[in-house]
Amino acid sequence: MTAKDAPPPLPEPLLVPVADSHTHLDMQSGTVEEALTKAAAVGVTTVVQVGCDIKGSQWAAETAAVHENVYAAVALHPNEAPRIVLGDPDGWSRQGAREAGGDAALDDALTEIERLAALPYVRAVGETGLDYFRTGPEGMAAQERSFRAHIEIAKRQGKALVIHDREAHADVLRVLDEEGAPERTVFHCYSGDAEMAEICAAKGYYMSFAGNVTFKNAQPLRDALAVVPLDRVLVETDAPFLTPAPYRGRPNAPYLIPVTVRAMAAVRGIAEEELAEALAVNTARAFDY
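Since the model is a prediction, treat every value here as computed from it, not as a measurement. (Residues numbered from 1 in each chain as written. Predicted model: local features only at pLDDT ≥ 70, side-chain atom pairs only at ≥ 80, totals over all residues. Heavy atoms only, no water.)

### Topic: the sheet that holds strand β1 (residues 18-23)
Backbone-to-backbone hydrogen bonds pair the strands of a sheet. The strands run either parallel or antiparallel. Taken in spatial order, the 8 strands of this open sheet run β1-β2-β3-β4-β5-β6-β7-β8, and their pairing is parallel. The outermost strands of the open sheet, each flanked by one partner alone, are β1 and β8 (233-235). The average angle at which neighbouring strand axes cross in this sheet is 30 degrees, direction not considered. This element, helix α6 (residues 169-179), spans β4 (122-131), β5 (160-166) and β6 (185-187) of the sheet and lies at about 155 degrees to β5. (Pairing = 2+ DSSP bridges. Helix = DSSP H or I, 4+ residues; strand = E, 2+ residues; numbered from the N terminus. Axes fitted to C-alpha atoms, helices over the stretch in contact; angles between N-to-C directions. Contact = heavy atoms within 4.5 Å.)

### Quick look at the pattern of salt bridges
Overall, the coordinates contain 15 salt bridges when judged by the stated rule. Two residues, R83 and E80, come together in a salt bridge whose shortest N-O distance is 3.6 Å. Remark: E80 and R83 occur in helix α3 (residues 80-86); sequence separation between them is 3 residues, near one turn of the helix. By relative accessible area, which is 13% here, R83 ends up buried. Look at E80 and you get buried, because its relative accessible area is 3%. Put simply, E144, R148, D171, R174, E178 and E179 are held in one network by salt bridges that share partners. (Salt bridge = Lys/Arg side-chain N within 4 Å of Asp/Glu carboxyl O. Buried < 20%, exposed > 50% of the residue type's maximum accessible area, 1.4 Å probe, protein only.)

### A short note on the packing of helix α4 (residues 102-117) against helix α5 (residues 140-157)
Two elements in contact, α4 and α5, have axes separated by 10 Å at closest approach and are oriented at 25 degrees. Compared by their axis directions, α4 and α5 come out roughly parallel. Crossing of α4 over α5 shows right-handed handedness. Touching D103, L106, D107, L110, I113, E114 and A117 of α4 are A142, R145, S146, A149, H150, I153, R156 and Q157, all from α5. (Parallel < 35°, antiparallel > 145°, perpendicular 65-115°, else oblique. Left-handed = near helix turned anticlockwise from the far one by under 90°.)

### Considering helix α9 (residues 257-268)
Over its 12 residues, α9 runs 16 Å from end to end, which matches the ideal 16 Å to within 8%, given 1.5 Å per residue. Of all the residues in α9, the buried ones are I257, P258, V259, T260, V261, M264 and A265. Among the structural elements, β1, β2 (44-50), β7 (206-209), α8 (219-227), β8 and α10 (272-287) are those in contact with the buried residues of α9. Two residues or fewer after α9 comes G269, characterised by a positive phi angle close to 70 degrees. (Expected span 1.5 Å × (residues − 1).)

### A closer look at the nonpolar core
Core analysis: the largest hydrophobic core is formed by 72 residues, its most contacted members being F147, L176, F187, Y190, M207, F209 and M264. No other element matches α4, which puts 6 residues into this core. Formed by 11 residues, the second largest nonpolar core is a distinct cluster that contains V48, A160, V162 and Y206. (Core = buried A, V, L, I, M, F, W, Y, C linked by side-chain atoms within 4.5 Å.)

### Points about the pairing of β7
Here β7 shows a buried face lined by Y206 and S208 and a second buried face lined by M207 and F209. Note: β6 against β7, 2 bridges, orientation parallel. Looking at β7, one finds that V186 is bridged to Y206. Taken together, β6, helix α7 (residues 194-202) and β7 constitute a β-α-β crossover, and its handedness is right-handed. Looking at chain direction, β7 and β8 are connected through 3 bridges and run parallel. Looking across to β8, one finds that S208 is bridged to L234. Handedness of the crossover joining β7 and β8 through α8 is recorded here as right-handed. (Right-handed = clockwise from strand over helix to strand, strands pointing away.)

In C-alpha cells form, the structure reads like this:
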C-alpha cells in the first residue's frame with residue numbers, strides 16, 4: 001500500500017456526536033462494521049448511506065435495515081439516468097456495458113426506487129438532480145425527467161430529497177421551483193456560492209458541506225458556509241471521495257468527519273461543540289430520525 005492509498009489517521013474525537021449525512025460505504029474498503037466502529041470512536045454515530053443506481057439503492061436499504069445507526073437514501077444518480085435511457089457502451093458505471101433501454105427502462109428503474117423509498121429505514125430519495133459536468137447535452141432530457149420523477153417520489157413517500165448539483169445550479173433551482181420542492185430538501189456536497197446559499201436558505205433548503213470546504217481553492221464554498229443559517233447546515237464525507245485537507249487524495253471515510261467539522265467551525269467563528277450540536281439536530285430533522 002502506498003502512502004497515497006493509506007487511510008488517514010483517526011482524528012481527535014468530537015465531544016458532541018454528529019452524523020455523516022452522505023456516504024457511500026459500498027465504495028469503501030473494509031466492512032460496514034469496521035467503518036461504523038471507527039466512526040463511532042471519534043463521535044460520528046450515525047451515517048446516511050446513499051444509493052446511486054438500482055443495485056446500490058437496494059444495498060443501502062438492506063444495510064440500513066440491519067444497522068440501527070445507518071439510514072438509507074435511494075435514487076438513480078443524475079449520471080445514471082442517461083445511461084439507462086441511452087445505453088452505456090463503455091461500461092463506465094459499475095454495471096458494465098449496457099444497451100439503450102429508452103424511457104421504458106427508466107420508468108422500470110423509477111418504479112423500483114419508489115418501492116425502496118417506501119421502506120421504513122429509507123429516509124431520503126437521492127442523490128438525484130442534474131450533472132452537466134459528466135453528462136453532455138444529449139443526456140439532459142433523461143436527467144431532468146428522472147429528477148422530476150424523484151421529486152414526486154419523495155413527496156409521495158414523505159421522504160427527504162437529496163440533491164446532486166454539479167455545474168447545473170440554475171436548472172436545479174428552476175426544476176425545484178416548477179415541481180415544488182419536498183418539505184425537506186438537502187443540497188448534498190453544496191457547490192454553489194454565497195448568493196445561491198442565500199436563495200436556498202430563503203427556501204428552507206439544507207446545505208451539506210463536504211471535505212472540499214477545506215481545499216485551498218474553495219474560498220467561494222467557505223463564503224457560502226459563512227452565510228448559511230446555522231439550522232440549515234449539514235456535514236458529510238461523500239466518502240470515498242473529497243477527503244479533507246491535509247489528506248486530500250487519500251481514501252475518505254465517515255471517521256474523518258471531525259476534520260471537516262473543525263474546519264467549518266473555524267469558518268463560522270464558533271466553537272466546534274456549538275457547530276456539532278447544530279449538525280446533530282439538523283441531520284436528525286432533515287432525515288426524520
